[in-house]
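Chain and residue survey
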Amino acid sequence: PWQVFDTLRADAPVHWSEEAAPNHGFWSLTRYHDIVGVLRDTETFSSERGGVNIEELDDEQLEVRKSMLETDGARHRALRRLMQGEFTPKAVGGYEIFLRGLTASTLDAAFANKEFEFVSQVAADFPIRVLAKMLDVPDADTHKLIDWGDRMIGNDDPEHADVLASSAESEEFRLLPFRSPAAREVFEYGNDLADKRRGKDGTDLVSRLVNQEPMDGKALNERDFNSYFLLLVVAGNETTRHTITHTMNYLIDNPDQLALLQEKPELIPWAVEEFLRMASPVYHFRRTATKDTEINGQVIKEGQKVVTWFAAGNRDPEVFENPYTMDVTRNPNEHMAFGRGGPHMCLGNSLARLEIRIMFETLLPRISNMTKLSEPARLRSNFVNGIKRLPVRVELVE
Ligand code: HEM
């Protein structure tokens with residue numbers, strides 16, 4: 001998509017697109033500062049009205065999906081506050097030892113063969129195992145979480161397509177997030193955990209969700225719990241996985257950067273920001289204008305959709321010099337992979353940063369060379385910048 005983003009950013013930074021969806025047009029923002037302006041101005045640009053995906057949803061569909069991501073104001077704050085304490089740098093730092101052990105064993109298993117597939121052997125299981133620990137889900141069930149995430153996020157990809165042409169229209173699936181039957185399985189699984197943990201004093205995320213009273217002295221109702229649980233399962237899964245895979249791919253393509261990080265591992269915490277900028281695993285979210293307004297001189301009408309292309313903002317040459325060059329020493333690096341400013345800025349950003357850092361702090365000292373056996377197989381999606389497979393060959397340090 002990069003060429004399209006560059007053209008739009010230069011020639012039509014606030015661009016109306018309707019070709020792909022007649023009568024359901026939307027504004028595309030590709031300049032960094034325009035995007036930041038929209039994310040911060042929650043009075044004018046709502047996440048609740050119409051939701052945050054480009055897709056047109058009716059009120060009924062919106063009602064069942066309304067997670068913290070799709071709410072504004074007090075309701076959003078109440079939902080976010082429920083989990084805020086679990087994702088602070090300090091709280092996630094408590095997982096560091098667990099993460100180091102998990103990374104080492106994941107790499108031991110993958111490196112048992114010189115040739116292996118990086119996504120399935122390294123990147124896919126790792127983030128979900130962390131989440132499984134936080135949710136206190138048995139190890140044996142982690143593959144279910146991975147499968148659900150793949151089916152929901154991948155449902156525009158012909159290889160994964162979970163939503164049959166017929167079911168996309170069917171009433172049964174219409175009300176499910178991503179129109180995917182996998183969402184119902186997630187709901188059932190989450191509800192079962194919730195039932196078992198309600199009224200008990202567990203410290204896992206599910207126990208905390210069901211035993212707190214965020215709104216008007218009431219616990220989350222089933223709908224709110226469902227969308228919360230689903231958001232946690234989806235948000236922390238694919239995004240981190242794809243960042244790790246993109247990074248490996250970029251480092252293989254930029255051996256000077258890989259060598260630099262091996263020589264000076266103290267650069268890795270900083271390099272993680274460049275990994276995130278380059279990977280931009282979430283292409284976009286969307287807002288809806290609550291009143292007539294203007295962006296960059298362009299009139300936006302009340303009710304119109306405004307799409308913030310984070311991936312395009314992360315390649316804006318006004319902000320990032322040589323935006324297509326991976327520079328692990330780039331400073332400053334105020335990328336927008338997690339959004340930038342505004343109340344919806346990624347809740348899991350400290351956890352994601354820690355996971356990515358530990359992965360590369362563990363992986364890089366162990367390899368003397370890594371090459372690709374073929375170019376990465378990309379996921380077909382306009383939402384997640386994903387890699388399905390990356391076959392590699394590794395030479396280990398003696
Ligand atoms: C929100 C990206 C990992 C949980 C977001 C947003 C983005 C994003 C772009 C919306 C920002 C906005 O609209 O201003 C990413 C990326 C990740 C990642 C690139 C990994 C590399 C995680 C993880 C978790 C998580 C590990 C937790 C398990 C959330 C939640 C929200 C969110 C709960 C909604 C926050 C709100 O609406 O207040 N993320 N995310 N994310 N993310 Fe992440």
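Attention shifts here to the pattern of salt bridges. Under the defined criterion, the tally for this structure stands at 31 salt bridges. Between Lys 144 and Asp 141 there is a salt bridge whose closest N-O contact spans 3.6 Å. Overall, Asp 141 belongs to the buried group, its relative accessible area being 15%. Ionic pairing is found between Asp 204 and Arg 197, a salt bridge with its closest N-O pair at 2.7 Å. Accessibility classification places Asp 204 together with Arg 197 in one group, the buried group. Overlapping salt bridges bring together Glu 48, Glu 63, Lys 66, Arg 75, Arg 223 and Asp 224 as one network.

A word on the coordination of the iron atom of the ligand. No other protein atom reaches the iron atom of the ligand as a donor apart from Cys 346 (SG), found 2.3 Å away. For Cys 346, the position within the fold is in the loop between helix H18 (310-313) and helix H19 (349-363).

Before going further, it helps to spend a moment on the sheet that holds strand E12 (residues 391-396). The 3 strands are arranged E4-E12-E9 in an open sheet whose pairing can be described as antiparallel. On the outer flanks of this sheet lie strand E4 (115-117) and strand E9 (367-372), each paired with one strand and no other. Here the average twist between neighbouring strands, direction ignored, is 30°. Pairing analysis gives 5 bridges linking E9 to E12, with the strands arranged antiparallel. Bridge pairing in E12 places Asn 369 opposite Glu 395. Strand contacts of helix H15 (residues 238-253): E9 and E12, with the helix running at about 100° to E9, the strand carrying the most contacts.

Conventions adopted
Residues numbered from 1 in each chain as written. Predicted model: local features only at pLDDT ≥ 70, side-chain atom pairs only at ≥ 80, totals over all residues. Heavy atoms only, no water. Salt bridge = Lys/Arg side-chain N within 4 Å of Asp/Glu carboxyl O. Buried < 20%, exposed > 50% of the residue type's maximum accessible area, 1.4 Å probe, protein only. Donors = N, O, S within 2.8 Å, 3.2 Å for Na, K, Ca; no water. Helix = DSSP H or I, 4+ residues; strand = E, 2+ residues; numbered from the N terminus. Pairing = 2+ DSSP bridges. Axes fitted to C-alpha atoms, helices over the stretch in contact; angles between N-to-C directions. Contact = heavy atoms within 4.5 Å.

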